[in-house]
Amino acid sequence: MKTLGQGRALRPDTALPVEEIADPFPCPQLTAEAANAILAQNFAAWVLASGIKVEATGPEFARLRLPFSAALCRTGGMLCGQALITGADTAMVIALAAASGDFEPCTTVDLTISYMRPISNADALLEAKLMRLGRSLAFCVCEMGEAGGKPAAFSTGTYALLG
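Residues numbered from 1 in each chain as written. Predicted model: local features only at pLDDT ≥ 70, side-chain atom pairs only at ≥ 80, totals over all residues. Heavy atoms only, no water.

(A) Examining the overall build of the protein chain more closely. The secondary structure content of the protein chain amounts to three helices and six strands. Overall, the protein chain shows an N-to-C arrangement of helices and strands of α-α-β-β-α-β-β-β-β. Sorting the 163 residues of the protein chain into buried and exposed places 37% on the buried side. Counting contacts in the protein chain only where the partners sit at least 6 residues apart, residues at least 24 apart contribute 59% of the total. Carbon and sulfur atoms make up 55% of the accessible area of the protein chain, which amounts to about 9200 Å² in all. (Helix = DSSP H or I, 4+ residues; strand = E, 2+ residues; numbered from the N terminus. Buried < 20%, exposed > 50% of the residue type's maximum accessible area, 1.4 Å probe, protein only. Contact = heavy atoms within 4.5 Å. Areas by Shrake-Rupley, 256 points an atom, 1.4 Å probe, with all protein chains shown as cover.)

In structure tokens form, the structure reads like this:
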């Protein structure tokens, strides 16, 4: 690949610098604010009552926070598994929306979780990523843990696209 002064690259088939060539397949960027609106408009009231919020999105990625609440805990302040799997499912649907640029009507076909350690007396951070988006199915993964801590659980999800 040729280069211009100051290290700017040229595509081999054109004289235009790479950063000046329009993406032939642009993907609309879903903001965290738009993703939170998707949550409010499309998720069950009991999911929203958990306080879950989108913190960040990127292409095929979403990071959500499930705030600590005694109502979501077992004895000893441990976040219960039901709350964590609900958060993972929610995060993966938002990652799918991030990849699509908007909400994709879908339904969960398969959802698994493996717990490795408890999340105690702390918010849970859920980082979901779209692994594959097909015409009728989407495949996602989600890692969960305390901010700055080791992973506490991971989940995989398969979603049937209804739109």
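(B) Unusual backbone geometry, seen in detail. A positive phi angle, near 65 degrees, is found at Glu60, a position not held by glycine. By secondary structure assignment, the location of Glu60 is in the loop between strand 1 (53-58) and strand 2 (61-66). Taking the relative accessible area as the measure of exposure, Glu60 reaches 40% and is therefore partly exposed. For Asn121, which is not glycine, the phi dihedral falls at a positive 50 degrees.

(C) View of the pattern of salt bridges. Per the counting criterion, the structure on display carries four salt bridges. The salt bridge involving Arg63 is made with Glu55; its shortest N-O contact spans 3.5 Å. On the basis of relative accessible area, Arg63 is assigned to the partly exposed category, the value being 25%. Residue Glu55 is classed as partly exposed on the basis of its relative accessible area of 34%. A salt bridge links Arg65 to Asp123; the nearest nitrogen and oxygen atoms lie 3.0 Å apart. Remark: Asp123 occurs in the loop between strand 3 (106-115) and strand 4 (124-133) and Arg65 occurs in strand 2; sequence separation between them is 58 residues. (Salt bridge = Lys/Arg side-chain N within 4 Å of Asp/Glu carboxyl O.)

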